[in-house]
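# Breakdown of the fold
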Amino acid sequence: MKINRLIPIVASSLIITIALNAQAQNAGDPVRGLQDLVNVRGRDGEAILQKRGYRFRWAEKSDDSTYSFWTQTKTGRCISVRTEQGRYVSLADTGTTADCDRGDRKRPQNTGNSSSRPLSDLVGARAGQAEGELRQRGYTYRRNEKVSNTSVASFWVEGNSGKCVEIVTSNGRYQNIFYVDWHHCHR
C-alpha cells in the first residue's frame, strides 16, 4: 500500500522537475509566436503584445537599449523585449517569473492605446504654437524621436498624472496624440 501512495507523489515531483528544467532551458530563447514583432516600432509592438495577452510590467534603460518585461496573462510566462532606436530588436523568454516580478515599481503604468485621447483639441495645430500651450497646461518636454522622413514623435510628461504622452508631428502640425508606456518618457 505504501508504494501505491508514493507513486503519485514521485510522478508529480518528476513532472514539476521536468517542467522547471524545460522552462530554464528556454531562458534567452526567442519567443515563439512573437518573432514577427522584431523591427516593429515600440509603440506598435506594445499594442500588439497587449492584444496577444501580455501585460507590461516594467522597463529599464541599459546603454543603447531599453529592456521591457511582459507577463503572458494566461500562463504567467515572463518575456523580455529589447528595444533600440525605438524598434523591437529581440523578444526572449526569461525562464523565470522573477524577472517580471522584481521590477514592480511605484511608477505610472501602461495606459496603452486607450480610447481616451489626451489633448485632442490640439490635433491639427501648428507644432510651434501648440508647444507653448502644452507647457501652459503643465506638460514637460522629454525627447524627440524620428518616425519617418516627414514625421517626428515628441514625448511629454503630463504634469498632473505623470503619464507619458506621444505627439506625432508631420508637416509642422500635430497629427496624432496618445498615451504610451511611461518608459518612453524616461529614456
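In case you missed it, the structure is sitting above this.
We now turn to the structure provided with this report. Counting restarts for each chain: residues are numbered from 1 in the order of the written sequence. A pLDDT threshold of at least 70 governs which residues receive local features in this predicted model, and a stricter bar of 80 or more applies before side-chain atom pairs are shown or counted, although totals over entire chains, interfaces and linings include all residues. Water and hydrogen atoms were dropped before computing side-chain values, which therefore reflect all heavy atoms in the structure.

### So, helix H2 (residues 42–51)
- For H2, the complete set of buried residues consists of Gly42, Arg43, Gly45, Glu46, Ala47 and Leu49.
- Contact criterion: two residues are considered in contact whenever any of their non-hydrogen atoms come within 4.5 Å of each other. Helix and strand assignments follow DSSP, with helices taken as H or I runs no shorter than four residues and strands as E runs no shorter than two, numbered in order from the N terminus. Looking at the buried side of H2, the elements it contacts are strand S1 (54–62), strand S2 (65–72), strand S3 (78–84), strand S4 (87–93), strand S7 (164–170) and strand S8 (173–180). Each residue is placed in one exposure class: buried if its accessible area under a 1.4 Å probe, protein chains only, is under 20% of its type's maximum, exposed if it is over 50%, and partly exposed if it falls in between.

### Points about the pairing of S3
- With 5 of 7 residues buried, S3 is to be regarded as a mostly interior element.
- Strands were regarded as paired on the criterion that DSSP finds at least two bridges between them. As paired elements, S2 and S3 share 7 bridges and run antiparallel to each other. Residue pairing for S3: Phe69 is matched across the bridge by Ser80.
- Of the strand pairs in this sheet, S3 and S4 are connected by 6 bridges, and their pairing is antiparallel. Within the sheet, the bridge partner assigned to Thr83 lies in S4 and is Tyr88.
- Hairpin connection between S3 and S4: a loop of 2 residues separates the two successive antiparallel strands, and Gln85 in this loop has a positive phi of roughly 50°.

### Some points on helix H4 (residues 127–136)
- Residues Ala127, Ala130 and Leu134 constitute the buried set of H4. All buried residues of H4 lie within an arc of 60° about the axis, which places them on one face of the element. Exposed residues pointing more than 90 degrees away from the buried face of H4 are listed as Gly128, Gln129 and Gln136.
- Gly138 sits one or two residues past H4 and shows a positive phi near 95°. Note: the arc covers the axis-to-C-beta directions of the helix.

### Things to note about the sheet that holds S4
- The sheet built from 4 strands is open, its strands ordered S1-S2-S3-S4 with antiparallel pairing. The open sheet has two edge strands with one neighbour each: S1 and S4. Going from strand to strand, the sheet's axes swing by 25° on average, the running direction of each strand aside.
- Taken together, the 8 bridges between S1 and S2 define a ladder with antiparallel strand orientation. Among the inter-strand pairings, Phe56 is bridged to a residue of S2, identified as Trp70.
- Think of each axis as a best-fit line through the C-alpha atoms, taken over the contacting stretch in the case of a helix, with angles from 0 to 180 degrees between the N-to-C directions. Across the sheet, H2 touches S1, S2, S3 and S4, and the angle it forms with S4 is around 35°.

### Some remarks on the sheet that holds S7
- Taking strand neighbours across the sheet as the criterion, the 4 strands line up as S5-S6-S7-S8 in an open arrangement whose pairing is antiparallel. Every other strand in the sheet has two partners, leaving strand S5 (139–146) and S8 as the edge strands with one partner each. Averaged over all neighbouring strand pairs, the angle between strand axes comes to 25°, with direction disregarded.
- Direction of pairing for strand S6 (residues 151–158) relative to S7: antiparallel, over a ladder of 7 bridges. From the neighbouring strand, Val157 faces S7, where its bridge partner is Cys164.

### Here's the deal with the side chain of Thr169
- Tracing the sequence through the fold places Thr169 in strand S7.
- Ignoring any residue separated from it by four or fewer positions in sequence, one finds Thr169 in contact with Ala127, Thr150, Ser151, Val152, Tyr174 and Gln175.

### Digging into the nonpolar core
- For this analysis, a nonpolar core means a set of buried residues of the types Ala, Val, Leu, Ile, Met, Phe, Trp, Tyr and Cys, connected via side-chain atoms within 4.5 Å. The biggest cluster of nonpolar side chains holds 14 residues, and the ones touching the most others in it are Leu34, Leu49, Trp70, Ile79 and Leu91.
- Counting residues per element, the ones that place at least two in this core are S1, S3 and S4.
- Broken down by element, the residue count for this core peaks at 3 residues, all from S1.
- Discounting chain neighbours no more than four positions away, the residues touching Leu49 are Leu34, Leu37, Tyr54, Trp70, Ile79, Val81, Tyr88 and Leu91.
- In this structure, Leu119, Ala130, Trp156 and Ile177 belong to the second largest nonpolar core, which totals 12 residues.

### Notes on the state of the cysteines
- In this description, the term disulfide denotes a pair of cysteine sulfurs within 2.5 Å. Overall, the coordinates contain 1 disulfide when judged by the stated rule.
- For Cys164, the disulfide goes to Cys185, at an S-S distance of 2.0 Å. Every disulfide takes its handedness from the sign of the S-S torsion; for Cys164 and Cys185 that torsion is 80°, giving right-handed. You can see Cys164 sitting in strand S7 and its partner Cys185 sitting in the segment after S8, a full 21 residues away along the chain. Of the two residues, Cys164 and Cys185, neither departs from the other in class, the shared state being buried.

Read these as geometric descriptors, not functional statements.
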